[in-house]
Protein chains: 4
Amino acid sequence: MTELAAVKAALKTQAVETPSWAYGNSGTRFKVFAQQGVPRDPYEKLADAAQVHEFTGVAPTVALHIPWDKVEDYGALAKYAEERGLKLGTINSNTFQDDAFKLGSICHADPAVRRKALDHLLECVDIMDATGSRDLKLWFADGTNYPGQDDIRERQDRLAEGLAEVYDRLGDDQRMLLEYKLFEPAFYTTDVPDWGTAYAHCLKLGEKAQVVVDTGHHAPGTNIEFIVATLLRERKLGGFDFNSRFYADDDLMVGAADPFQLFRILYEVSRGGGFTAGVAFMLDQCHNIEAKIPAIIRSVMNVQEATAKALLVDREALAVAQREGDVLGANAVLMDAYNTDVRPLLGEVREELGLDPDPMGAYRRSGWAEKIVEERVGGTQAGWGA
Amino acid sequence: MTELAAVKAALKTQAVETPSWAYGNSGTRFKVFAQQGVPRDPYEKLADAAQVHEFTGVAPTVALHIPWDKVEDYGALAKYAEERGLKLGTINSNTFQDDAFKLGSICHADPAVRRKALDHLLECVDIMDATGSRDLKLWFADGTNYPGQDDIRERQDRLAEGLAEVYDRLGDDQRMLLEYKLFEPAFYTTDVPDWGTAYAHCLKLGEKAQVVVDTGHHAPGTNIEFIVATLLRERKLGGFDFNSRFYADDDLMVGAADPFQLFRILYEVSRGGGFTAGVAFMLDQCHNIEAKIPAIIRSVMNVQEATAKALLVDREALAVAQREGDVLGANAVLMDAYNTDVRPLLGEVREELGLDPDPMGAYRRSGWAEKIVEERVGGTQAGWGA
Amino acid sequence: MTELAAVKAALKTQAVETPSWAYGNSGTRFKVFAQQGVPRDPYEKLADAAQVHEFTGVAPTVALHIPWDKVEDYGALAKYAEERGLKLGTINSNTFQDDAFKLGSICHADPAVRRKALDHLLECVDIMDATGSRDLKLWFADGTNYPGQDDIRERQDRLAEGLAEVYDRLGDDQRMLLEYKLFEPAFYTTDVPDWGTAYAHCLKLGEKAQVVVDTGHHAPGTNIEFIVATLLRERKLGGFDFNSRFYADDDLMVGAADPFQLFRILYEVSRGGGFTAGVAFMLDQCHNIEAKIPAIIRSVMNVQEATAKALLVDREALAVAQREGDVLGANAVLMDAYNTDVRPLLGEVREELGLDPDPMGAYRRSGWAEKIVEERVGGTQAGWGA
Amino acid sequence: MTELAAVKAALKTQAVETPSWAYGNSGTRFKVFAQQGVPRDPYEKLADAAQVHEFTGVAPTVALHIPWDKVEDYGALAKYAEERGLKLGTINSNTFQDDAFKLGSICHADPAVRRKALDHLLECVDIMDATGSRDLKLWFADGTNYPGQDDIRERQDRLAEGLAEVYDRLGDDQRMLLEYKLFEPAFYTTDVPDWGTAYAHCLKLGEKAQVVVDTGHHAPGTNIEFIVATLLRERKLGGFDFNSRFYADDDLMVGAADPFQLFRILYEVSRGGGFTAGVAFMLDQCHNIEAKIPAIIRSVMNVQEATAKALLVDREALAVAQREGDVLGANAVLMDAYNTDVRPLLGEVREELGLDPDPMGAYRRSGWAEKIVEERVGGTQAGWGA
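Per an unreviewed UniProt entry, chain A goes by L-rhamnose isomerase/sugar isomerase and derives from Streptomyces pseudovenezuelae.

Caption draft 1: Here's a closer look at the relation of the copies chain D and chain B. When chain D is fitted onto chain B, the two copies agree to an RMSD of 0.0 Å after a turn of 180° and an axial shift of 0.0 Å. Expressed as an axis order, the relation between the two copies is that of a two-fold axis. The position closest to the rotation axis in chain D is occupied by the C-alpha of Asp341(D), lying 2.6 Å away.

Caption draft 2: Focus on the pairing of strand S6 (residues 175-179) of chain D. Residue and element names in this part refer to chain D. Burial within S6 is extensive, with five of its five residues counted as buried. Burial along S6 is two-sided: the face carrying Arg175, Leu177 and Glu179 and the face carrying Met176 and Leu178 are both buried. Alignment of strand S4 (residues 135-138) against S6, held across four bridges, turns out to be parallel. The residue bridging lysine 137 from the neighbouring strand is leucine 177, located in S6.

Caption draft 3: Expanded view of the relation of the copies chain D and chain A. When chain D is fitted onto chain A, the two copies agree to an RMSD of 0.0 Å after a turn of 180° and an axial shift of 0.0 Å. A symmetric contact is evident, with 100% of the interface residues of chain D recurring at the interface of chain A.

Caption draft 4: How the structure looks around the packing of helix H8 (residues 259-271) of chain D against helix H9 (residues 292-312) of chain D. All names here are of chain D. Relative to each other, H8 and H9 sit at 55°, their axes nearing to 8 Å. Of the possible angle classes, the one that applies to H8 and H9 is oblique. The chirality of how H8 crosses H9 is right-handed. Side by side, H8 and H9 meet where Leu262, Phe263, Leu266, Tyr267 and Ser270 of the first sit next to Asn302, Val303, Ala306, Thr307, Lys309, Ala310 and Leu311 of the second.

Caption draft 5: Looking closely at the sheet that holds strand S6 (residues 175-179) of chain A. Taken in spatial order, the eight strands line up as S1-S2-S3-S4-S6-S8-S9-S10 (chain A) in an open sheet, and their pairing is parallel. Strands at the two margins of the open sheet, each flanked by one partner only, are strand S1 (18-19) and strand S10 (280-283) of chain A.

Caption draft 6: Layout of the interface of chain D and chain A. Chain D puts 54 residues into the contact, and the matching count from chain A is 54 residues. Interface of chain D and chain A: buried area, both sides summed, is about 4,400 Å²; carbon and sulfur atoms make up 58% of it. For chain D, the biggest contributors to the area lost against chain A are Arg153(D), Phe226(D) and Arg233(D); these three give 17% of the whole. Taken together, the connections running from chain D to chain A amount to eight salt bridges. Seen at the junction of chain D and chain A, the total is 18 residue pairs in polar contact (both at pLDDT 80 or more). At the level of secondary structure, the elements contributing two or more residues to the side of chain D that touches chain A comprise helix H5 (152-169), strand S7 (189-190), helix H6 (195-205), helix H7 (224-233), H8, helix H10 (315-323) and helix H11 (327-339) of chain D. Counting residues per element, the side of chain D that touches chain A draws most heavily on H6(D), at eight residues. The residue inventory of the side of chain D that touches chain A, partitioned by class, reads 24 nonpolar, 15 polar and 15 charged.

Caption draft 7: Structural detail: the UniProt feature "domain: Xylose isomerase-like TIM barrel" (unreviewed entry) in chain A. Following the UniProt record, the feature "domain: Xylose isomerase-like TIM barrel" (unreviewed entry) maps to residues 49-249 of chain A here. Regarding residues 49-249 of chain A, the helix share stands at 39% and the strand share at 18%, and the terminal C-alpha atoms are separated by 23 Å.

Caption draft 8: Molecular detail of the interface of chain D and chain B. Across the contact, 31 residues belong to chain D and 31 residues belong to chain B. A combined buried area of about 2,300 Å² lies between chain D and chain B, and 56% of that area is made up of carbon and sulfur atoms. Of the charged contacts in the structure, one is a salt bridge between Arg343(B) and Asp336(D), with a shortest N-O distance of 2.9 Å. The tally of links from chain D across to chain B stands at five residue pairs in polar contact (both at pLDDT 80 or more). Secondary structure elements with two or more residues in the side of chain D that touches chain B: H8, H9 and H11 of chain D. Here the element with the most residues in the side of chain D that touches chain B is H11(D); it accounts for eight residues.

Caption draft 9: Summary view of helix H4 (residues 111-131) of chain A. Residue and element names in this part refer to chain A. Look at H4: 30 Å from first C-alpha to last across 21 residues, which is about the 30 Å you get at 1.5 Å a residue. When we look at burial in H4, the residues that qualify are Val113, Arg114, Ala117, Leu118, His120, Leu121, Leu122, Cys124, Val125, Ile127, Met128 and Thr131. The secondary structure elements touched by the buried residues of H4 are strand S2 (61-65), helix H3 (74-83), strand S3 (87-92), strand S4 (135-138), helix H5 (152-169) and S6. Among the residues of H4, the N-terminal cap falls to aspartate 110, whose side-chain oxygen and the backbone nitrogen of alanine 112 are separated by 2.8 Å. Just past H4, the residue glycine 132 takes up positive phi, approximately 75°.

Caption draft 10: Quick look at the side chain of Gln210(A). Residues and elements named next belong to chain A. Residue position: glutamine 210 is located in strand S8 (residues 209-214). Only 3.3 Å separates the side chain of glutamine 210 from the backbone oxygen of glutamate 207, close enough to count as a polar contact. With residues up to four places along the chain from it excluded, the contact list for glutamine 210 reads Arg175, Met176, Leu177, Leu178, Cys202, Arg235, Lys236, Leu237 and Gly238.

Caption draft 11: Summary view of the packing of helix H1 (residues 4-13) of chain A against helix H12 (residues 343-352) of chain A. Residue and element names in this part refer to chain A. Packing of H1 against H12 brings their axes to within 10 Å, and their N-to-C directions diverge by 65°. Classified by chirality, the crossing of H12 by H1 is right-handed. Contacts from Leu4, Val7, Lys8, Leu11 and Lys12 of H1 reach H12 at Leu345, Leu346, Glu348, Val349 and Glu352.

Caption draft 12: Quick look at the pattern of salt bridges. All chains considered together, the criterion is met by 155 salt bridges over all chains. With its nearest N and O atoms 2.7 Å apart, the salt bridge here joins Arg169(A) to Asp126(A). With Arg169(A) in helix H5 and Asp126(A) in helix H4, this pair connects stretches of sequence that are 43 residues apart. Overall, the relative accessible area of 27% leaves Arg169(A) in the partly exposed class. The partner of Lys181(D) in a salt bridge is Glu184(D), and the shortest N-O contact between them spans 2.7 Å. Judged by relative accessible area, Lys181(D) falls into the buried class, the value being 2%. Looking at Glu184(D), the relative accessible area reads 14%, which means it is buried. Each of the salt bridges in this network shares a partner with another, and the network as a whole consists of Asp142(A), Asp150(A), Asp151(A), Glu154(A), Arg155(A), Arg158(A), Asp191(A) and Arg271(D).

Caption draft 13: Up close: the nonpolar core. Judged by nonpolar contacts, the single largest core of 420 residues is most densely connected at Phe240(A), Phe240(B), Phe240(C) and Phe240(D). Those residues within four positions of Phe240(D) in sequence are excluded, and the remaining contacts are Val212(D), Val213(D), Val228(D), Ile265(D), Val269(D), Val279(D), Ala280(D), Phe281(D) and Met282(D). Counting residues in each nonpolar core, the second largest holds 84 residues, with Ala248(A), Met253(A), Val327(A) and Phe226(B) among its members.

Caption draft 14: Spatial organisation of the packing of aromatic side chains. Taken as a whole and assessed by the stated rule, the structure comprises 80 aromatic pairs over all chains. Ring centres of Phe240(D) and Phe242(D) lie 4.9 Å apart, and the angle between their planes is 5°; on these two criteria the pair is classed as stacked. Look at Phe242(D) and you get buried, because its relative accessible area is 0%. Look at Phe260(D) and Tyr338(D): their rings are 4.9 Å apart centre to centre, the planes differ by 55°, and that puts the pair in the tilted class. In this pair, Phe260(D) sits in helix H8 while Tyr338(D) sits in helix H11, placing the two residues 78 residues apart along the sequence. Three or more aromatic residues joined by ring pairs form one cluster here, namely Phe260(A), Phe263(A), Tyr338(A), Phe260(C), Phe263(C) and Tyr338(C). A cation sits over an aromatic face here: Arg84(B) above Tyr80(B), 3.5 Å from the ring centre. The lysine or arginine in question, Lys309(D), covers the ring of Tyr338(D), its NZ or CZ lying 4.4 Å from the ring centre.

Caption draft 15: Examining unusual backbone geometry more closely. At the junction of Glu184(A) and Pro185(A), the peptide bond is cis and its omega measures out at 5° in the coordinates. Tracing the chain through its elements places Pro185(A) in the loop between S6 and strand S7 (189-190). The residue after Ile66(D), namely Pro67(D), is reached through a cis peptide bond having omega 20°. Its location among the elements puts Pro67(D) in the loop between strand S2 (61-65) and helix H3 (74-83). Phi angles above zero are rare outside glycine, and Asp251(C) is one such case at about 55°. Relative to the helices and strands, Asp251(C) resides in the loop between strand S9 (237-242) and helix H8 (259-271).

Caption draft 16: View of the pairing of strand S2 (residues 61-65) of chain C. Residues and elements named next belong to chain C. Burial within S2 is extensive, with five of its five residues counted as buried. Neither face of S2 is exposed, since Thr61, Ala63 and His65 on one face and Val62 and Leu64 on the opposite face are all buried. Read from strand S1 (residues 18-19) through helix H2 (residues 42-56) to S2, the crossover connection turns out right-handed. Summarising the sheet, S2 and strand S3 (residues 87-92) pair through four bridges and their orientation is parallel. What sits directly across from valine 62, in S3, is leucine 88.

Here is what the cut-offs are and how they apply
- Residues numbered from 1 in each chain as written.
- Chains lettered and ligands numbered in written order.
- Predicted model: local features only at pLDDT ≥ 70, side-chain atom pairs only at ≥ 80, totals over all residues.
- Heavy atoms only, no water.
- Least-squares fit on C-alpha atoms with pLDDT ≥ 70 in both.
- Buried < 20%, exposed > 50% of the residue type's maximum accessible area, 1.4 Å probe, protein only.
- Helix = DSSP H or I, 4+ residues; strand = E, 2+ residues; numbered from the N terminus.
- Pairing = 2+ DSSP bridges.
- Contact = heavy atoms within 4.5 Å.
- Axes fitted to C-alpha atoms, helices over the stretch in contact; angles between N-to-C directions.
- Parallel < 35°, antiparallel > 145°, perpendicular 65-115°, else oblique.
- Left-handed = near helix turned anticlockwise from the far one by under 90°.
- Buried area = accessible area lost by both parts, 1.4 Å probe.
- Salt bridge = Lys/Arg side-chain N within 4 Å of Asp/Glu carboxyl O.
- Polar contact = N/O pair within 3.5 Å; in protein donor to acceptor, adjacent residues only side chain to side chain.
- Nonpolar A, V, L, I, M, F, W, Y, C, P; charged D, E, K, R; others polar.
- UniProt positions renumbered as here; feature names shortened; annotations may be inferred.
- Expected span 1.5 Å × (residues − 1).
- Core = buried A, V, L, I, M, F, W, Y, C linked by side-chain atoms within 4.5 Å.
- Phe/Tyr/Trp six-rings, centres within 6.5 Å; stacked < 30°, edge-to-face > 60°.
- Lys NZ or Arg CZ within 6 Å of the ring centre and 35° of its normal.
- Right-handed = clockwise from strand over helix to strand, strands pointing away.

Put into structure tokens, the structure is as follows:
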């Protein structure tokens, strides 16, 4: 058994970034069900995120989405965050909601549209300078719905050109994280559909360009942990967008659909040194029907539990069984860790950090849920603005 | 070769129902891109639908969606339709957009919510009485996002109870068409996920309850034509919602993603007598980025072309090859029909009907597209209202 | 918390049938890797199965496959089983390996081939009479590889006719379990591809015809526990063929690919009364690269662990949360049970049954593995004979 | 319309390599159905392949599989081929059938097994020297069935090391084509599951290492033509293994399951210059239930027809529509080519080449099928030897 003290130490330094937009309203193309108490501006989102960090201790940063989280004074926003124990995190760009982007953004056939998209991305880097964010996350809704609609290859050329311009604008300590997605909102092909495409572009761009793995963005049957292991081996794993899915990009709470898969992914992170290699661990989820703050707390805890199990894998015993070709023995070593109930261990970790061992209960007892329902009256609730 | 005259006769009597909502704006959860000239009320939708019928000759009815197409006077609406050579068709219910329906409608745990949903469905039958519609199409967004969220089995009980009440309300010449859908907007399980579930309910309800096959609502790898053949054999195929998909419920133009599949489906319809058995052939699509009226014309033509090919299958030669176990020969008979270019044949059919052989060109030349952009200024464009 | 005593009692009476063929060699179309010590006849298979039961206490019956397990004297075979604490279980038919069955068996276009297949099935019922088996399991490899190859609908007619003849031959206490499978070895369509088809046939046949759910036989994204809940509600769930899959019909050890899914399935069994409703719990797996007996012990334990977790679900708390629409709370009740480490509980159960709490270790220490390698020299190892 | 003469010229120089093993017996794990007249040695396979070339005119090379096609004297084999108008083509290695390879070949944990596998691969290059083959095709069955079974990352290290050794052995005019496959026979993960992995390895190896796209080796929903376009853009597309699939790696006749997809793939080949860039066009199929030689003729014709349609795409009109953002117009240009019946055109091409316009009929009339049934009596039919 790996030494428990080391496991605890690792768990105490874990950091899961939460996304500002998960605190706002979201939904499907059929309906967005608004919830009471939802934030109306980036400040209120941060206030909610601070609750998640207060009770879990491992959610110290918040990802922003531009323009949804645009403010006049990012310094003031950063200060507001710091006062609540938070830092501003990854800047997420949006090249899919402007009317000009109906047929794409930096892959669009029209240079004027591409320029518009690029200007937005460069503005995002400006914002990173202001917020002190390390990472620019690039997810492109670009793609086509119908065969022939546009030239697949030229779109790659345009993509490469656009990415290069943004890359050149990055500061020394800044990175771009390129996200891939199999489908939606483009249905015939997206322009960055898989890790291979993201990897090929990042490779040409340079070290500051890294691939981000969104756990919901793969074809059925894809072995995600293989991709994680491979990207770590190639030093190209920039981060995760955690969520879970049963079918497509369901954006359910991470760990809700397949907790064993999450464990396997985090085992490969652990085995590949990913916990100490600058990999960003972010949530990217939608809480369409469940209460948002508790859903995020739960998600953070799910990541913690899967991480604890991954850290508990007896690596030496595993290596012996693997070397000996003991298929069942090796599998059993992994399953022993997975089958362990790590909730008591995490309770201890929290108590040692001065936290309540039960984050969900502590949040519930805090009265915050009632408070925001009562206080956040009037105004326009935050959402995707779709 | 099947006699060409019979094929032409069948093609001339074909009828494809177009959905009122396809003329309005639609999109994904990321963005709805509004288009110019989009209808602002049910009357304008009918005016657009009349164009489709005018140029194709085989789109004589329009499906309505309640409440999106609610009007004060359905008689007036029907009269407006008739003046344009149309009839009002299937009534589609909506039990997914009221705030009460966040966790379901007729499957909801709360009887008050179920009552609300049922009242809506009964109102839809009232509307059918007013419009003279034969079919009530029931698609339920009901389902759950998380394991444990609700009791799968009790939801079936509630579903059965609700369907029975609606069934009892149907008039002698009215039917209910129960649609199934694998996922979305519910992500863990929907309450009618597959044809088996829809079939089991319809069987208990009686002859007026029939299954509707939406071509986009299946798991990857599902053989849809098998389902069609089976439902026809069981006398339980009520109709189709045509569209096409590459991944999930993409709602692309029918025939755009897999024209061979569409042909195979229509072959099973033909072989099972479905063209003369009261099966409803409806489109249910979203034209998120392409011009709507021409997209619908194109879709109708795609159905026509696949139908023509299906009708051209040399059934006798096929039967001989099948009986002899001639795998390649039997397949070749089918492929011969599929590989035929039926566009000249359909051009002839149209000319014999007094239509332009080129519906797309005729529509383009008609000036309607420009006219609606010019005239439909102000007001609120129709859409899903999500 | 459900009372622990009741949970233990249920776990003690659990019965998982193991399949004779899992003790023999198996592989893929690419290669069958033979293993040392593999049984050479049905008697040796039973001897191995007795080991599984000896160490787990919950594997008292063994499924036979005809003709792989054909013997002269089934009475002698049954006696041999009984002497080792076993009973003969389900009879599995084989209508896919005779050269005549290249294009199908009871769905074949040629009546002579259908007759041959039916005679085999009737012979299987004769064997059931001799072995005292309750269940005849029918899995048909029937289907087509190419569109047009045969008539989908006529094949259904032939299937219905064949099933009816077998049904009529069943004794009062005998059942037929109809298995469905999406694909393989037929690749275009199988003749019983989904639960709906199996259900429709069983419904017409009568109460003795029941559906069997093989956990590996579904399209990607299918919610299997929904099917289980639905079939239990319809009183048509005859049994399970347990195994697990990552992609297609991988036939890996049950619980190896998605233990959370197995838990959800067994929760629906529990919730629907399936543990006391005559449902057959069978393994149907291939141990292509791992040692067979320990793989089967492990699989039985995986079913036990998932069952224990399913039984530990706090049904009352769950019902309250579900009724209140508390999405996160209801999900949490389910996850609390799933996250419990039930291995200590199962250790207790075993000790109370007079067994070693560690079946894997006990088997390893028993020396059986070495014994069979040493003794089973010469002869022909059992396998699929493909 | 592209000039017809150019299209014809391109079609006349097309070359589709047929695989020796497709002429032998094959099947599924359930059963291999032997066929009459099947070749008993590599010479007879070549004799059959010569028939395919004789009637299609575009199948001038035959891929060999080692050791299935091992002969004493490759010079003699090559001469035998040449006498029949054929050349020996790609050498396919086999690292999946030796008993040593149960847990992998060049990715195996044991260096001795890796050595054995590498020696086989080096022997294959020796054979290439003897046969004058350009390409070594590497498909590895390597992978794991159970999480934890082996270390994913170390297996990549071993793979890289092994590939490098083989690469160094290649002659100046030789290439290695690395094939990827999502699953089977490994079910948890394969060691080269996707194009990204193959690409990353080939990139490090150098120009002589290229990726081969087997059209049956992808997850559901994967856009294969995107991969083709991307690999061509990266100058890393080495070749195709053509076949078709409905579900998994069904290995049906190319074009049988989704002819529109085949067209789209070949359009991207055409658009990316792949017809003149050294890309190898090979079949890799199994004819489990259909007659083998006609199935291969049919497959070659399917590739021809899809190629003809791809070449007929009006590239200029397409570019205009794409540039204008005319979604429907651009799609229509592509569909116009697809909907064209190119069989008359191909008939002309064949007649201009001095061939019968109807290859299937000509083969049937040739009497070869009867001749081989009559003559090939006794001996052991060729197959996979699994």
